[in-house]
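# Chain and residue survey
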Amino acid sequence: QVEWFNRYKKSLATYMRSVGGEEGLDLTQDIKPPKSLYIEVRCLRDYGEFEIDDGTTVLLKKNSQHFLPRWKCEQLIRQGVLEHILS
């Protein structure tokens, strides 16, 4: 049983890295699915160019606001570069 679980965790980790772009997609993060795949964010400091999935580049400058894919923003929100604007 422990061996099966360890193989499952490895398979799940490999799968999550293979989907969702460079950072992967953490399927274990949200218990409830997000209401929207895109969120509105405000840039808290100058960051520079940020590429999203379709190849579009967005310039993240302090106080700029953007509507971006949630999963691409999560790491920058944790780093204090972006904040999620709740309406």
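Please refer to the structure placed before this passage.
Scoring rules and cut-offs
Residues numbered from 1 in each chain as written. Predicted model: local features only at pLDDT ≥ 70, side-chain atom pairs only at ≥ 80, totals over all residues. Heavy atoms only, no water. Helix = DSSP H or I, 4+ residues; strand = E, 2+ residues; numbered from the N terminus. Buried < 20%, exposed > 50% of the residue type's maximum accessible area, 1.4 Å probe, protein only. Contact = heavy atoms within 4.5 Å. Areas by Shrake-Rupley, 256 points an atom, 1.4 Å probe, with all protein chains shown as cover. Core = buried A, V, L, I, M, F, W, Y, C linked by side-chain atoms within 4.5 Å. Salt bridge = Lys/Arg side-chain N within 4 Å of Asp/Glu carboxyl O. Polar contact = N/O pair within 3.5 Å; in protein donor to acceptor, adjacent residues only side chain to side chain. Phe/Tyr/Trp six-rings, centres within 6.5 Å; stacked < 30°, edge-to-face > 60°.

## Notes on the overall build of the protein
Broken down by element type, the protein carries two helices and five strands. For the protein, the succession of helices and strands along the chain, N to C, is α-β-β-β-β-α-β. In the protein, which comprises 87 residues, the proportion classed as buried is 23%. Taking the contacts inside the protein whose residues are at least 6 apart along the sequence as the reference set, 50% of them involve residues at least 24 apart. When the accessible surface of the protein is split by element, carbon and sulfur atoms take 52% of a total near 6800 Å².

## As for the nonpolar core
Formed by Ile-39, Val-41, Cys-43, Phe-50, Ile-52, Val-58, Leu-60, Leu-68, Cys-73, Leu-76, Val-81 and Leu-82, the largest nonpolar core amounts to 12 residues. Setting aside its immediate chain neighbours within four residues, Val-41 contacts Ser-64, Gln-65, His-66, Leu-68, Cys-73, Ile-77, Leu-82, Glu-83, His-84 and Ile-85.

## Some remarks on the pattern of salt bridges
Tallied over the entire structure, the rule returns two salt bridges. For Glu-83, the salt bridge is made with Arg-42, and the minimal N-O distance between the two is 2.7 Å. On the criterion of sequence distance, the pair formed by Glu-83 in strand β5 (residues 82-84) and Arg-42 in strand β1 (residues 38-43) is long-range, its members being 41 residues apart. Under the relative-accessibility criterion, Glu-83 is labelled partly exposed at 30%.

## With respect to the side chain of His-66
Turning to its location among the elements, His-66 is positioned in strand β4 (residues 65-69). The class of His-66 is buried, set by a relative accessible area of 15%. Side-chain polar atoms of His-66 contact the backbone oxygen of Leu-59, separated by 3.5 Å. The residues touching His-66, leaving out its near neighbours within four places in the chain, are Ile-39, Glu-40, Val-41, Val-58, Leu-59 and Leu-60.

## Focus on the packing of aromatic side chains
Aromatic ring pairs: the centre-centre distance and the angle between the two ring planes describe each pair. The final tally for this structure, using the stated rule, is three aromatic pairs. Ring centres of Tyr-38 and Phe-67 lie 5.8 Å apart, and the angle between their planes is 25 degrees; on these two criteria the pair is classed as stacked. Of this pair, Tyr-38 sits in strand β1 while Phe-67 is found in strand β4, placing the two residues 29 residues apart along the sequence. Residue classification places Tyr-38 among the partly exposed positions, given a relative accessible area of 40%. Ring centres of Tyr-47 and Phe-50 lie 6.4 Å apart, and the angle between their planes is 75 degrees; this geometry places the pair in the edge-to-face category. You can call Tyr-47 partly exposed: its relative accessible area is 40%. Assessed through its relative accessible area of 10%, Phe-50 is described here as buried.

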